[in-house]
Amino acid sequence: MGFNCGIVGLPNVGKSTLFNALTATAAAQAANFPFCTIEPNVGRVAVPDERLDKIAAIANSQKTVPTQLEFVDIAGLVKGASKGEGLGNQFLANIREVDAIIHVLRCFDDPNIVHVEGSVDPVRDAETVETELMLADLDSLAKQISNIEKKAKSGDKETKAQLDFMLKVKAALDDGKPARTVTPPDDQRKFYAMLQLMTSKPVLYVCNVLEGDAAAGNGWTKAVEGMAAKQDAGFVVICAEIESQIAQLGSEEEKKEFLAAIGLEEPGLNRIIRAGYKLLGLQTFFTVGPKEARAWTVHTGAKAPQAAGCIHTDFEKGFIRAEVIAMSDFITLGGEVPCKEAGKMRQEGKEYAVHDGDIMLFRFNV
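Source: prediction; values computed, not measured.

Student: Can you explain the pattern of salt bridges? Please cite residues and give values.
Tutor: Going through the model one piece at a time under the given rule, you end up with 18 salt bridges. For arginine 180, the salt bridge identified is with glutamate 130, shortest N-O distance 2.6 Å. Within this pair, whereas arginine 180 is found in the loop between helix H5 (157-174) and helix H6 (189-194), its partner glutamate 130 is found in helix H4 (residues 122-152), the two being separated by 50 residues in sequence. Linking aspartate 175 and lysine 177 is a salt bridge whose minimum nitrogen-to-oxygen distance equals 3.5 Å.

Student: Give me the side chain of asparagine 4: which residues, what numbers.
Tutor: Mapping asparagine 4 onto the fold places it in strand S1 (residues 3-8). Its relative accessible area of 13% is what places asparagine 4 among the buried residues. Of the polar contacts made by the side chain of asparagine 4, one reaches the side chain of glutamate 70; its length is 2.5 Å. Not counting residues up to four positions away in its chain, the partners in contact with asparagine 4 are Glu70, Val72, Glu97, Val98, Asp99 and Ala100.

Student: Residues and numbers for the pairing of strand S9 (residues 292-299), please.
Tutor: Where strand S3 (residues 63-65) and S9 come together, three bridges link them in parallel fashion. Of the residues in S9, the one forming a bridge with valine 65 is arginine 294. Two strands pair when backbone bridges link them, and strand S8 (residues 282-288) and S9 are joined in this way by seven bridges, in the antiparallel orientation. Considered in S9, the bridge of leucine 282 is made with histidine 299. The loop that links S8 with its antiparallel partner S9 comprises three residues.

Student: Requested: an account of the nonpolar core, with residues and values cited.
Tutor: As a rule of thumb, nonpolar side chains are buried together in soluble globular proteins. Among the nonpolar cores identified, the biggest contains 56 residues, and Phe71, Ile102, Tyr205 and Ile272 are the most heavily contacted of them. The biggest single contributor to this core is helix H10 (residues 268-280), with six residues. Leaving out residues up to four positions away in the same chain, isoleucine 102 has contacts with Cys5, Gly6, Ile7, Val8, Phe71, Leu204, Val206 and Ile272. Counting 18 residues, the second-largest nonpolar core is a separate cluster that includes Ile145, Ile148, Ala152 and Ala172.

Student: Outline the packing of aromatic side chains, listing residues and values.
Tutor: Where two aromatic rings form a pair, the distance of their centres and the angle of their planes describe that pair. Tallied over the full model, the rule gives five aromatic pairs. Pairing phenylalanine 285 with tryptophan 296 gives two aromatic rings, centres 6.4 Å apart and planes at 15 degrees, and the pair type is stacked. Highlighted residues: phenylalanine 285 in strand S8 and tryptophan 296 in strand S9, separated in sequence by eleven residues. You'll find phenylalanine 285 and tryptophan 296 in the same group, each marked buried. Considering the side-chain rings of phenylalanine 285 and phenylalanine 362, the 6.1 Å spacing of their centres and the 90 degrees angle between planes classify their relative orientation as edge-to-face. Of the two residues, phenylalanine 285 is situated in strand S8 and phenylalanine 362 in strand S12 (residues 359-364); the sequence distance between them amounts to 77 residues. With respect to class, phenylalanine 285 is no different from phenylalanine 362; both count as buried.

Student: Describe helix H7 (residues 219-231), with residues and values.
Tutor: Compared with an ideal rise of 1.5 Å per residue, which puts 13 residues at 18 Å, H7 spans 19 Å between its outermost C-alpha atoms and is within 8% of the ideal. Residues of H7 that are buried include every one of Thr221, Val224, Met227 and Ala228, and no others. The arc that holds every buried residue of H7, seen down its axis, measures 120 degrees, which confines them to one face. Exposed and facing more than 90 degrees away from the buried side of H7 are Gly219, Ala229 and Lys230. Contacts from the buried residues of H7 go to strand S5 (100-106), H4, strand S6 (203-208) and strand S7 (234-238). Between a side-chain oxygen at the N-terminus of H7 and the backbone nitrogen of tryptophan 220 the separation is 3.0 Å; the capping residue is asparagine 218. Phi turns positive one or two residues past the end of H7, at aspartate 232, with a value near 60 degrees.

The rules behind each value
- All residue numbers refer to position in the chain's written sequence, counted from 1.
- In keeping with the predicted nature of the model, local features appear solely for residues at pLDDT of at least 70, side-chain atom pairs appear and are counted solely at 80 or more, and the whole-chain, interface and lining totals rest on all residues.
- Hydrogen atoms and water are omitted, and side-chain values are computed over all heavy atoms in the structure.
- The working definition used for a salt bridge is a side-chain nitrogen of Lys or Arg within 4 Å of a carboxyl oxygen of Asp or Glu.
- Secondary structure follows DSSP: runs of H or I at least 4 residues long count as helices, runs of E at least 2 residues long count as strands, and numbering of each begins at the N terminus.
- Throughout this description, buried means an accessible area under 20% of the type-specific maximum (1.4 Å probe, protein chains only), exposed means over 50%, and partly exposed covers the range between.
- Whenever two N or O atoms come within 3.5 Å, that pair is a polar contact, provided that in protein one can donate a hydrogen and the other can accept it, and provided that, for residues adjacent in sequence, both atoms are side-chain atoms.
- Contacts were defined at the residue level, with two residues in contact if any of their heavy atoms lie within 4.5 Å.
- Pairing between two strands is assigned when DSSP locates at least 2 bridges connecting them.
- Buried Ala, Val, Leu, Ile, Met, Phe, Trp, Tyr and Cys residues that are joined via side-chain atoms within 4.5 Å together make up what is termed a nonpolar core.
- Ring pairs shown here join Phe, Tyr and Trp side chains whose ring centres sit within 6.5 Å, with only the six-membered ring taken for Trp; geometry is labelled stacked below 30 degrees between planes, edge-to-face above 60, and tilted in between.
- By definition here, a helix of n residues has an expected span of 1.5 Å times n minus one.
- What the arc covers is the set of directions going from the helix axis to the C-beta atoms.

Structure follows, in structure tokens:
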């Protein structure tokens, strides 16, 4: 499985420039005026992972298939979006569908690029967007509470528990706190997801800076970093223009030389992916053979049958066991056969929790 991140923010902060760079397409029009992105644009990019290349080389796999990350470029939000201002209704509908929010903040000053608030202040901008999302969540939650209150009068314990939890979330929103500050009990997690509250989604703040600040950041990015730490949110500094230039380079060697020349070790995409994985609690396992080496994504804590289900539902339904080799053993010993001979291939059952980097082969019976 992959995961889906919505790129949001005020108009003219660099959302579409970042989207175009990350997906290496021109699908989203990047222009210096609000609402240039009218429809959400969706792009999928391969998740770079050096481990996949290493195991493919050891196994002499004919091809490699990385896992993918999906980005959704969503139209810019303005004050009043929760009441339908600007493209608010469309913005809110689109953001409900994503797994995580990549909130792009403008951390640079350029007189040639207008700012809808008249000045650069990324913390203020973040609060503007968060407030609109909380107001929309309050409106949605109030309607859902009204409906469930009627059912709760019947005395059903499950419905009463759901109502009590909803009231706790509403109290947090009323207090100016996003829904994600309320941790649902285990028996309410599925219900919590069904509420589709936008402020329940994990957030990654992406500070868009000028080229000269790409390596060390600036005063604005430091302020955002402090805000992110208080919220337990993700934080990355990138230069969307640099990412756009990297996307146009043909070879990996050219990209490395370009990055080295400006004092960077890797593209911003890599940092965003790592932060996104951490944010969503994701990890990667691999399958490898002579035809292909492939990366797969599962949630941390996923059991072996769930991992098998990523490949095919029949694998999960008829799961018998998983044959597992640790990534370090596979690379050190030089492949599957040496690992078997050294006793490093383990037989794991249905309760085995997948580890990041596991190389797995599933046995199943349809």
